[in-house]
Amino acid sequence: MNVPLLDLKAQFRGIKKEVMDVVETTCEEQAFVLGSRVVELEQALASYVGASHAVGVASGSDALLLSLMALGVGPGDEVVTVPFTFFATAGSVSRLGARPVFVDIRPDTFNVDPQQIEQKITARTKAIIPVHLFGQCAEMGAINEIAKRRKVAVIEDACQAIGAMQNGIKAGALGDMGCFSFFPSKNLGGFGDGGLITTHDAKLHEALAMLRVHGSRVRYVHEQIGINSRLDALQAAILRVKLNHLDRWTEGRRRNAVRYERLFTEARLLDRVTQPVTQPGNYHVFNQYTIRAQRRDELKTFLKDRGIGTEVYYPIPMHVQDCYRLLGHKKGDFPMSEQAAAEALSLPVFAELTDEQLGYVVDSIQAFYAKR
Ligand SMILES: *Cc1c(COP(=O)(O)O)cnc(C)c1O
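Reference entry: report on the structure contained in this document.

### Here we look at the packing of aromatic side chains
Thought 1: Inspection of the entire model under this criterion finds 15 aromatic pairs.
Thought 2: Geometrically, the ring pair formed by Phe-102 and Phe-334 is edge-to-face, given 6.2 Å between the ring centres and 85° between the ring planes. Of this pair, Phe-102 sits in strand 3 (residues 99-102) while Phe-334 sits in the loop between helix 8 (296-305) and helix 9 (335-343); the two residues are 232 residues apart in sequence, bridging distant segments of the chain.
Thought 3: Phe-334 sits in the buried class, given a relative accessible area of 6%.
Thought 4: An aromatic cluster is present here, built from Phe-84, Phe-86, Phe-110, Phe-134, Tyr-313 and Tyr-314 joined pairwise through their rings.
Thought 5: Note that Lys-170 overlies the ring of Tyr-48, its terminal NZ or CZ placed 4.1 Å from the centroid.

Following this line, the structure appears as structure tokens:
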């Protein structure tokens with residue numbers, strides 16, 4: 001049997017007609033950058049997320065970069081975030097000449113430990129970037145409380161968490177700005193790169209809309225130094241079609257997570273693998289179903305040999321990356337992030353997985369641990 005980590009071909013088969021129709025129409029329109037297709041997607045996603053505004057941009061990485069630019073973050077400033085994340089979270093801070101200040105994660109959810117945030121905030125701190133890792137919101141109540149009291153902004157890295165909720169409020173509507181990615185492997189994936197920023201704040205919206213087109217509102221008049229980070233009409237049109245299916249796909253992921261839970265219990269694997277934990281009040285969208293596993297790397301190879309795709313998100317935390325040597329961190333500084341990097345393994349959880357495939361994954365994990 002073959003069980004890929006993600007099967008986008010299976011997803012495409014289900015929506016091919018709708019997608020190809022809108023691609024054809026958009027091609028006939030011959031308007032490829034921003035424009036009405038992008039505005040339509042922005043409106044649909046602002047409404048989906050429950051934010052007042054949305055700004056389509058070229059990628060999730062640019063969404064983070066532009067959010068920081070809209071806050072005026074620059075050299076000498078600090079931004080608090082986690083070391084256990086995709087590079088773009090910290091990289092966007094560094095690209096503006098600011099310093100990422102790391103806070104360790106909680107061992108159960110892989111998300112930032114809010115208890116450790118406040119001690120990292122200084123007079124130079126401009127923002128906190130909580131990452132809603134793997135599709136579950138970080139503890140936004142506690143984070144927003146600290147941010148408000150210390151007068152710093154909150155940028156949600158919601159790139160893996162479209163549709164996720166906390167106490168009924170969606171990711172992207174919980175902070176000052178929410179950053180989304182449409183990279184194909186995200187829960188709402190385009191046919192290439194894309195991203196979006198949501199906000200309740202009209203001033204931030206105005207700044208973001210300008211910054212993505214070289215700081216210009218009126219053509220060739222530049223009020224600020226921005227960048228070129230525009231969303232394509234084709235991507236927007238395809239994403240608008242896919243948005244209609246997002247909740248159904250998310251439900252499929254959540255159903256598979258529940259099935260894993262039952263199968264791991266039945267297979268008596270709970271002393272070998274730790275299942276992902278959902279905190280009360282959270283609606284987890286499982287962009288990844290990430291377990292902690294003993295002898296993780298051996299298990300990964302064993303599963304690969306049996307035709308099962310898995311991935312390690314993320315093997316090297318930011319504080320020990322070569323490019324961050326200058327920050328002066330060493331191994332041991334963020335023990336929970338380091339342990340997660342050594343133990344985390346993401347299993348297939350996409351909506352189209354069959355019961356047989358799920359059973360095969362769990363049987364294979366059981367076979368691995370039974371061998372020794
Ligand atoms: C995917 C991702 C990004 C960046 O998104 P791109 O669209 O690939 O630039 C940023 N942060 C996290 C947590 C992500 O998963």
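There's more to say after this.
### Thoughts on the sheet that holds strand 1 (residues 53-57)
Thought 1: Sheet architecture is open: seven strands sit in the order 1-9-8-5-4-2-3, paired in mixed fashion. Where the open sheet ends on each side, the last strands, each with one partner, are strand 1 and strand 3. The average angle at which neighbouring strand axes cross in this sheet is 25°, direction not considered.
Thought 2: Lying on the sheet, helix 5 (residues 140-150) is in contact with strand 4 (125-129) and strand 5 (153-157); it crosses strand 5 at an angle near 150°.
Thought 3: In the packing of helix 6 (residues 202-211) onto the sheet, the strands contacted are strand 1, strand 8 (177-181) and strand 9 (195-199), and the crossing angle to strand 1 comes to about 15°.

### Let's talk about the nonpolar core
Thought 1: Residues Leu-45, Phe-84, Phe-110, Ile-117, Ile-128, Ile-143 and Leu-188 are the most contacted members of the largest nonpolar core, which totals 53 residues.
Thought 2: Within the residue set of this core, elements represented by two or more residues are helix 2 (36-49), helix 5, helix 7 (233-266) and helix 9.
Thought 3: In terms of residue count, helix 2 provides more of this core than any other element does, seven residues in total.
Thought 4: Residues lining this core come from more than one domain, with at least three contributed by each of domain 1 (8-243) and domain 2 (247-370).
Thought 5: Excluding residues that lie within four positions of it along the chain, Ile-117 makes contacts with Val-80, Val-103, Val-112, Ile-128, Ile-143 and Ile-146.
Thought 6: With 29 residues, the next largest nonpolar core counts Phe-264, Ile-291, Leu-299 and Phe-302 among its residues.

### Quick notes on the sheet that holds strand 6 (residues 165-166)
Thought 1: Taken in spatial order, the three strands make up an open sheet running 7-6-11, and their pairing is antiparallel. Edge positions in the open sheet fall to strand 7 (169-170) and strand 11 (282-283), since each of these has one partner strand only.
Thought 2: Here strand 6 pairs with strand 7 via two bridges, running antiparallel. Along strand 7, the bridge assignment pairs Met-165 with Lys-170.

Calculation rules
- Residues numbered from 1 in each chain as written.
- Predicted model: local features only at pLDDT ≥ 70, side-chain atom pairs only at ≥ 80, totals over all residues.
- Heavy atoms only, no water.
- Phe/Tyr/Trp six-rings, centres within 6.5 Å; stacked < 30°, edge-to-face > 60°.
- Helix = DSSP H or I, 4+ residues; strand = E, 2+ residues; numbered from the N terminus.
- Buried < 20%, exposed > 50% of the residue type's maximum accessible area, 1.4 Å probe, protein only.
- Lys NZ or Arg CZ within 6 Å of the ring centre and 35° of its normal.
- Pairing = 2+ DSSP bridges.
- Axes fitted to C-alpha atoms, helices over the stretch in contact; angles between N-to-C directions.
- Contact = heavy atoms within 4.5 Å.
- Core = buried A, V, L, I, M, F, W, Y, C linked by side-chain atoms within 4.5 Å.
- Domains from an automatic or database assignment.

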